[in-house]
Amino acid sequence: MNNQPYLIAEIAQAHEGSLGILHSYIDAVAQTGVQAIKFQMHIAEAESSIHEPFRVKFSKEDATRYDYWKRMEFTLEQWKAIKQHCDAVGLDFICSPFSNLAVDWLEEIGVHTYKVGSGEVNNFLLLEKITQTGKPIIISSGMSSFAELDQTADFLKSKKANFSILQCTTAYPTKPEQYGLNVISALKERYQVTIGFSDHSAKIATGIAAVALGAEILEFHVVFNRSMFGPDAIASLTLEETKQLVESVNEIHWAQNNPINKNSNADFTALKSIFEKSLAVNKKLPKGHVLTFADLESKKPKGYGISAADFEKVIGKQLNTDKSQWDFLNEEDLT
């Protein structure tokens with residue numbers, strides 16, 4: 001991942017089952033600077049049933065959740081064309097399968113990386129199918145406890161899988177008290193693998209904070225407009241916000257890889273000579289006057305009088321010459 005934050009723009013169901021809208025998203029995302037675009041492959045017959053309830057009742061055109069998944073489907077040939085479009089514009093094609101059949105399709109298509117959604121983290125049947133491909137795997141930890149993640153990590157390590165874990169909170173949109181930014185470092189320490197952040201806050205600041213705290217992968221939903229229909233729109237970034245996020249996190253990454261040495265300030269020698277100050281007197285004072293704090297002022301530049309940092313050394317000293325108001329004060333002026 002070239003040591004830069006790996007940024008994944010999630011389309012999910014923002015296409016609303018329209019192939020044309022989906023391809024429009026590919027072109028739009030390619031202009032934002034992210035490295036990858038992510039989809040979800042739903043094959044209703046293989047993954048769902050008429051008994052599946054809606055997470056949130058949002059659809060005015062689907063009688064059941066199963067009907068909704070049917071409407072989100074594309075054919076294998078359509079998916080191949082989607083992958084080709086991603087290749088053409090330089091985006092890694094990442095996809096979440098929700099059935100073993102979807103894994104078979106994704107292998108035929110040539111998926112770059114598998115994303116495992118929060119609800120599938122302990123679906124070891126699906127995980128076994130994915131690990132058999134040898135492709136990289138990104139796990140989303142949204143609904144999982146550490147105990148559950150331990151089981152999944154142990155399973156993947158036993159299969160010698162190349163996997164990463166994302167801190168994620170399954171809430172749409174996620175509120176600040178739900179971000180779990182503290183979990184990023186805990187995941188790093190616990191699993192010793194690449195750790196990232198899956199965001200549903202619809203805020204640029206969240207992703208910036210996650211990268212600053214060590215997230216190496218950043219996944220977030222994107223949408224043309226948050227007023228659009230669909231369950232994830234309100235928890236998504238717009239395309240313009242995505243561009244701002246990309247620029248910001250890359251700058252944070254650059255900053256992290258260029259640490260400042262506060263033991264040395266040699267680069268500021270010239271500036272310090274301009275901005276730092278010398279001691280002066282703030283009033284006309286006669287020879288023999290004993291200096292007090294009230295007599296002193298500091299004036300730019302440095303080097304024309306005693307350093308303002310050493311003001312305590314002159315208090316109580318006697319002038320051996322007359323001084324005009326605003327004259328610099330030097331060692332030879334003191335007895």
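A short tour of the structure in this document, coming up. (Residues numbered from 1 in each chain as written. Predicted model: local features only at pLDDT ≥ 70, side-chain atom pairs only at ≥ 80, totals over all residues. Heavy atoms only, no water.)

As for the pairing of strand β7 (residues 195-199)
The test is simple: Exposure classes here rest on a 1.4 Å probe applied to the protein chains alone. A residue is buried below 20% of its type maximum, exposed above 50%, and partly exposed in between. Strands here mean DSSP runs of E at least two residues long; helices mean DSSP runs of H or I at least four residues long; both are numbered from the N terminus. Here, any two strands with at least 2 DSSP bridges between them count as paired. Orient the strands so they point away from the viewer; a crossover is then right-handed if the path from the first strand over the helix to the second runs clockwise.
Most of β7 is tucked away, with five of its five residues classed as buried. Going residue by residue along β7, you find Ile195, Phe197 and Asp199 tucked away on one face and Gly196 and Ser198 tucked away on the opposite face as well. Two strands pair when backbone bridges link them, and strand β6 (residues 163-168) and β7 are joined in this way by four bridges, in the parallel orientation. Each residue of the ladder has a partner; that of cysteine 168, found in β7, is serine 198. Remark: the β6/helix α8 (residues 183-191)/β7 crossover connection has right-handed handedness. A crossover links β7 with its parallel partner strand β8 (residues 217-221), the connecting element being helix α9 (residues 204-212), and its sense is right-handed.

Digging into the nonpolar core
Which entries qualify depends on this criterion: For this analysis, a nonpolar core means a set of buried residues of the types Ala, Val, Leu, Ile, Met, Phe, Trp, Tyr and Cys, connected via side-chain atoms within 4.5 Å. When checking whether two residues touch, look at their non-hydrogen atoms; a contact exists if any pair is within 4.5 Å.
Ranked by internal contacts, the top residues of the largest apolar core, which has 63 residues, are Val29, Phe39, Phe93, Ile139, Leu218 and Phe220. With near-sequence residues (within four places) excluded, phenylalanine 93 lies in contact with Ile37, Phe39, Trp79, Ile82, Lys83, Cys86, Leu106, Ile109, Val111, His112 and Thr113. Core analysis: the second largest hydrophobic core is formed by ten residues, Leu279, Leu296, Ile306 and Val314 among them.

Brief notes about unusual backbone geometry
Peptide bonds are, in most cases, trans, and in most cases residues other than glycine have a negative phi. Across the junction of lysine 300 and proline 301, the peptide omega takes the value 5 degrees, indicating a cis bond. Secondary-structure assignment places proline 301 in the segment after β10 (296-299). The phi dihedral of lysine 160 falls on the positive side, at around 55 degrees, and the residue is not glycine. Relative to the helices and strands, lysine 160 is located in the loop between α7 (146-158) and β6. Look at lysine 160 and you get exposed, because its relative accessible area is 74%.

So, the pattern of salt bridges
Convention followed: By salt bridge we mean one thing: a side-chain nitrogen of Lys or Arg within 4 Å of a carboxyl oxygen of Asp or Glu.
Enumeration according to the criterion identifies 19 salt bridges in this entry. One salt bridge connects glutamate 73 with lysine 70, and the closest N-O pair in it is separated by 3.8 Å. Its relative accessible area of 21% is what places glutamate 73 among the partly exposed residues. The closest approach of N and O atoms between arginine 226 and glutamate 241, which form a salt bridge, is 2.7 Å. Here the residue arginine 226 occupies a position in the loop between β8 and α10 (239-256), and glutamate 241 occupies one in helix α10, the gap between them amounting to 15 residues. Judged by relative accessible area, glutamate 241 falls into the buried class, the value being 16%. Linked by salt bridges that have partners in common, Glu10, Lys38, Lys115 and Glu219 make up one network.

Quick word on α8
Quick reminder of the rule: By definition, the arc is the one covered by directions from the helix axis to the C-beta atoms.
For α8, every residue scored as buried is listed here: Val183, Ile184, Leu187 and Tyr191. Relative to the axis of α8, the buried residues are bounded by an arc of 105 degrees and lie together on one face. Elements in contact with the buried residues of α8: α7, β6, β7 and α9.

Note that every value here comes from positions in space, so none of it alone points to a role or purpose.
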